Amino acid sequence: MRILITAKKSYVGLSLKTWLGQWPNKYRVDTMSSRNDEWRNIDFSQYDVLFHVAAFVHKKEEAKMEGNYYKVNRDLTISLARKAKQSGVKQFIFMSTVAVYGLVGKVKENIVINKDTPCLPTTFYGKSKLQAEKELEKLNDKCFHVAIIRSPMIYGPNCPGNYNRLKKFVMHVPVFPQINNQRSMIFIDNLSEFIRLLVINNEYGLFFPQNKEYVNTSEMVRLIMQEKSKRIYFSRIIAFGMNIEKYISIWNKVFGNLVIDHQLSSYKNVEYCVADFEQSIKICETKL
C-alpha cells in the first residue's frame, strides 16, 4: 500500500511514517512539500492514500494573517483532494482539529464535546479547518473515501507545542498547583496506530481519536518529574491563590476541563491505544 503525506517536516506526518516503517513490506510512505505548486506535478495515481497534514498554524492570530489560513487550510486542502480523486486515489485523510467547536477549557466547569455539540469556531484556524471539512464531505463517494480526524492536543517525544512548553516550565520551578481537571489528549503512537487502522479499513467519515484516559495536568507533571528524577511539590494553596482575574486565561488553558465524549472515540474498541497514559509519558521522556 502506497501512502503520500503532504508535509516533509510535520511532526504527525513523520511520526506516522516512522510507525508504518514497522511493516516495510506492507506500506510504502512518501512525503512531499505543499508550500509551492510543485505538488501539482506529482503523479498521485501511484498512491492509494493521501494523508493531508500540512496546515497554517500560528501561536498568535492577527487579522493580517487571515488570508493565509484560508489559502492553506481550506483552499490547498480542496485542491489536493480534487487532484487525488481525479487521479484515482482511494482515500483522503484530513487532519482537522477540535478547534472547529470553538470551545476552551474552563476550571471548575465540565466542557464536553459530544455528538450534539455545534461547530462554532472562533479562530481563523478553526474556521478555515471547518470550511475545508465541509467541502471535503462533498467529494466523498463509494470510490473516494474522505476521513476527517478532529484531534485533541497531540503529544509525544520531542513534540512541538504545549507539552514541551509545560515540561520546560516545570523543570525550573519547585512548586506546582494541584488541581483535579480533565483534558482530552492523544499520544502520538496512539494516533499513528489509529491512522493505520483507518488506512487498512479504508474508512470514511468523522473520527475523534484520543487516549483511553482523560489527562489530569497535575498528574502529567508528576509523571514527567518522576521520569526526570526531579522532586516537585504540589500545592492546593497555590492553586487557590492564583485563581484571580488576570490569570484566568492562562489558568483555563493549562487547567481547564475540556474533553471529548469517549463514545465518539470508541473506534474498534479503542484498540489503537497502544500505550496507556503512564506508559506514554515514560516513552516521551526516555525516547530522545
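Residues numbered from 1 in each chain as written. Predicted model: local features only at pLDDT ≥ 70, side-chain atom pairs only at ≥ 80, totals over all residues. Heavy atoms only, no water.

**Q** I would appreciate a short explanation of the packing of helix 2 (residues 66–86) against helix 3 (residues 124–139) in the present structure.
**A** Relative orientation and spacing of two packed helices are given, respectively, by the angle between their axes and the distance between those axes. Where helix 2 meets helix 3, the closest approach of the two axes is 8 Å, and the angle between their N-to-C directions is 20°. Considering their axes alone, helix 2 and helix 3 lie roughly parallel with respect to each other. Crossing geometry of helix 2 relative to helix 3 is assigned as right-handed. Here helix 2 contributes Glu66, Tyr69, Tyr70, Asn73, Arg74, Thr77, Ile78, Ala81, Arg82 and Lys85 to the contact with helix 3, which in turn contributes Phe124, Tyr125, Lys127, Ser128, Gln131, Ala132, Glu135, Leu136 and Leu139. (Axes fitted to C-alpha atoms, helices over the stretch in contact; angles between N-to-C directions. Helix = DSSP H or I, 4+ residues; strand = E, 2+ residues; numbered from the N terminus. Parallel < 35°, antiparallel > 145°, perpendicular 65-115°, else oblique. Left-handed = near helix turned anticlockwise from the far one by under 90°. Contact = heavy atoms within 4.5 Å.)

**Q** How should I be thinking about the layout of surface pockets in this particular structure?
**A** One way to see where empty space is left: roll a probe the size of a water molecule over the atoms. Of the pockets and cavities examined, the second largest pocket occupies roughly 210 Å³. The wall of the second largest pocket is formed by Tyr11, Leu14, Ser15, Thr18, Trp19, Pro157, Asn158, Ile188, Asp189 and Lys287. Taken together, the residues of the lining of the second largest pocket sort by class into five nonpolar, three polar and two charged. (1 Å grid on protein atoms, 1.4 Å probe; cavity = no way out; pocket = protein on both sides within 12 Å on 5 of 7 lines; lining within 4 Å. Points joined across faces, edges and corners; volume = space filled by probe spheres on them. Nonpolar A, V, L, I, M, F, W, Y, C, P; charged D, E, K, R; others polar.)

**Q** What's the story with helix 6 (residues 217–227) in this structure? I'm lost.
**A** The periodicity of an α-helix, 3.6 residues per turn, causes residues three or four positions apart to be oriented the same way. Among all positions in helix 6, only Thr217, Ser218, Met220, Val221, Leu223, Ile224 and Met225 are buried. The opening residue of helix 6, the one whose side-chain oxygen lies 3.0 Å from the backbone nitrogen of Ser218, is Asn216. After helix 6 finishes, the residue Ser229 shows a positive phi value of roughly 55°. (Buried < 20%, exposed > 50% of the residue type's maximum accessible area, 1.4 Å probe, protein only. Polar contact = N/O pair within 3.5 Å; in protein donor to acceptor, adjacent residues only side chain to side chain.)

**Q** Explain the packing of aromatic side chains here, please?
**A** Any aromatic ring pair is given by two values, namely how distant the centres are and how the planes are angled relative to each other. This structure, assessed with the given rule, holds 14 aromatic pairs. Ring geometry for Tyr155 and Phe187: centres 5.6 Å apart, planes at 40°, overall tilted. Linking Tyr155 in strand 7 (residues 153–155) with Phe187 in strand 9 (residues 185–187), this pair joins segments that are 32 residues apart in sequence. The two residues Tyr155 and Phe187 agree in class, both being buried. Measuring from ring centre to ring centre gives 4.9 Å for Phe194 and Tyr272, while their planes differ by 75°; the resulting arrangement is edge-to-face. Here Phe194 is found in helix 5 (residues 188–200), whereas its partner Tyr272 is found in the loop between strand 12 (259–260) and helix 9 (277–286), with 78 residues between them in sequence. The class for Tyr272 is buried, based on a relative accessible area of 0%. When the ring centre of Phe44 is taken as origin, the NZ or CZ atom of Lys83, which lies over that ring, is 4.8 Å away. For the cation-ring pair, Arg196 lies above Trp23, with the distance from its terminal atom to the ring centre recorded as 4.3 Å. (Phe/Tyr/Trp six-rings, centres within 6.5 Å; stacked < 30°, edge-to-face > 60°. Lys NZ or Arg CZ within 6 Å of the ring centre and 35° of its normal.)

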